[in-house]
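Single-letter residue listing:
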Amino acid sequence: MDPISVDKSAPFFVAGHRGLVGSALVTKLQSLGYTNLLLRTHSELDLTIQSVVDAFFAAHKPSYVILSAAKVGGIHANNTYPGDFITINIQIQTNVITSALKHNTKKLLFLGSSCIYPKFAPQPIPENSLLTGPLEPTNEWYAIAKISGIKMCQAYRIQHSFVAISAMPTNLYGPNDNFHPENSHVLPALLRRFHEAKVKNLEKVVVWGSGKPLREFLHVADLADALVFLMEKYSGLEHVNVGSGKEVSIKELTELVKEVVGYEGEIVWDSSKPDGTPRKLMDSSKLEGLGWEPKISLKDGLMDTYRWYLENVSSKE
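Rules used throughout
- Residues numbered from 1 in each chain as written.
- Predicted model: local features only at pLDDT ≥ 70, side-chain atom pairs only at ≥ 80, totals over all residues.
- Heavy atoms only, no water.
- Buried < 20%, exposed > 50% of the residue type's maximum accessible area, 1.4 Å probe, protein only.
- Helix = DSSP H or I, 4+ residues; strand = E, 2+ residues; numbered from the N terminus.
- Arc of directions from axis to C-beta.
- Contact = heavy atoms within 4.5 Å.
- Polar contact = N/O pair within 3.5 Å; in protein donor to acceptor, adjacent residues only side chain to side chain.
- Phe/Tyr/Trp six-rings, centres within 6.5 Å; stacked < 30°, edge-to-face > 60°.
- Lys NZ or Arg CZ within 6 Å of the ring centre and 35° of its normal.
- UniProt positions renumbered as here; feature names shortened; annotations may be inferred.
- Core = buried A, V, L, I, M, F, W, Y, C linked by side-chain atoms within 4.5 Å.

The next point concerns helix α2 (residues 50-60). Within α2, the full set of buried residues consists of Val-53, Asp-54, Phe-56 and Phe-57. Across the axial projection of α2, the buried residues extend over an arc of 160°, all falling on one side. For α2, the exposed residues lying more than 90 degrees away from the buried face are Ser-51 and Ala-59. Residues of α2 that are buried sit in contact with β1 (12-15), β2 (37-38), β3 (64-67) and α4 (82-102). Within two residues after α2, Lys-61 carries a phi angle of roughly 45°, on the positive side.

As structure tokens, then:
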């Protein structure tokens, strides 16, 4: 299928517009001149109820849809509520994708997650690693839901010629991230800990592990840019990885966070604690070949995220 031209005045539904990804998408689309964004909170539109979703699509006939709404959480949440993670995500995806097909949406982009790939996938992880081995057990319920979404988009394209594409982002960070003391991911957790250590004048910050594992991070504004790029330029059957292509060790990341926050104390590594996966890097050469690359450096992205944290989280606690 050839890329379709996107009409910036046509109804454009961003599902999950208050989340980390959705809020960045709204900012990006507005900056590019998209003038007819359809935005609904969960209380205004419950995506898990098919009749409600179908009525919304019947009334508003969105020409374009980016599906960034999902039930997400860390290892503890995935282990505690596996039924919720598989059921709610499959409900959201099925309801939105079927209604989009039924009401003649021109193009839909489904947002997945790097956890769809096998636990022992080759590094960097290419798109064709999907379904080649067992998943990471701690988030397999979420991963299986996301794999179902990718396959549903492909099946609807094959059977109905429905233009539905999928994108798989790497680890994301930025404004509107989750800075919860227990439930946040590594980068916002580090920002919060170093900020609190600075405020309390603590002499040291203890960080788990050796600092050796390598991770890849992408600022959410770069992801939003990539998703709009794919909506405008890509209509292939296969999903597309979206990463920065740059790895950083947890040690380097921690030292950079310390610098950005302005913490003067010592970093102590607790090597008795687990490191986790040694390396997790996406192969984003397909997207690069289409002509897209990230623009925000890790340091600039951290400074931007820390500013947002100071204005929106720490000032309200």
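Topologically, Thr-41 is positioned in the loop between β2 and α2. A relative accessible area of 12% means that Thr-41 is categorised as buried. Within the structure, Thr-41 has its side chain in polar contact with the side chain of Ser-43 (distance 3.1 Å). Apart from residues lying up to four places away in sequence, Thr-41 is in contact with His-17 and Arg-18.

Moving on: the packing of aromatic side chains. By the definition in use, this model includes 11 aromatic pairs. Taking the centre distance of 6.4 Å and the plane angle of 85° together, the rings of Phe-85 and Tyr-142 count as edge-to-face. Of this pair, Phe-85 sits in helix α4 while Tyr-142 sits in helix α5 (residues 140-160); the two residues are 57 residues apart in sequence, bridging distant segments of the chain. Just as Phe-85 is buried, Tyr-142 falls in that class too. Plain terms: the ring middles of Phe-194 and Tyr-263 are 5.5 Å apart, the flat faces sit at 70° to each other, and that makes the pair edge-to-face. Of this pair, Phe-194 sits in helix α6 (residues 186-199) while Tyr-263 sits in the loop between α8 (250-261) and β11 (266-270), and the two are 69 residues apart along the sequence. Its relative accessible area of 5% is what places Tyr-263 among the buried residues. Between the NZ or CZ atom of Lys-71 and the centre of the ring of Phe-85, over which it lies, the distance is 5.2 Å.

As recorded in UniProt, the sites labelled "domain: NAD-dependent epimerase/dehydratase" (unreviewed entry) are residues 13-243. In residues 13-243, helix accounts for 43% and strand for 16%; the two terminal C-alpha atoms are 24 Å from one another.

In this section: the nonpolar core. If you look at the biggest cluster of nonpolar residues, it comprises 36 residues, and the most contacted ones within it are Phe-13, Leu-47 and Leu-108. Those elements that place two or more of their residues in this core are β1, α2, β3, α4, β4 (107-111), α5 and β5 (164-169). Ranked by residues supplied to this core, first place goes to α5 with seven residues. The next biggest cluster of nonpolar side chains, apart from the first, holds 34 residues, and it includes Phe-12, Val-21, Leu-37 and Val-220.

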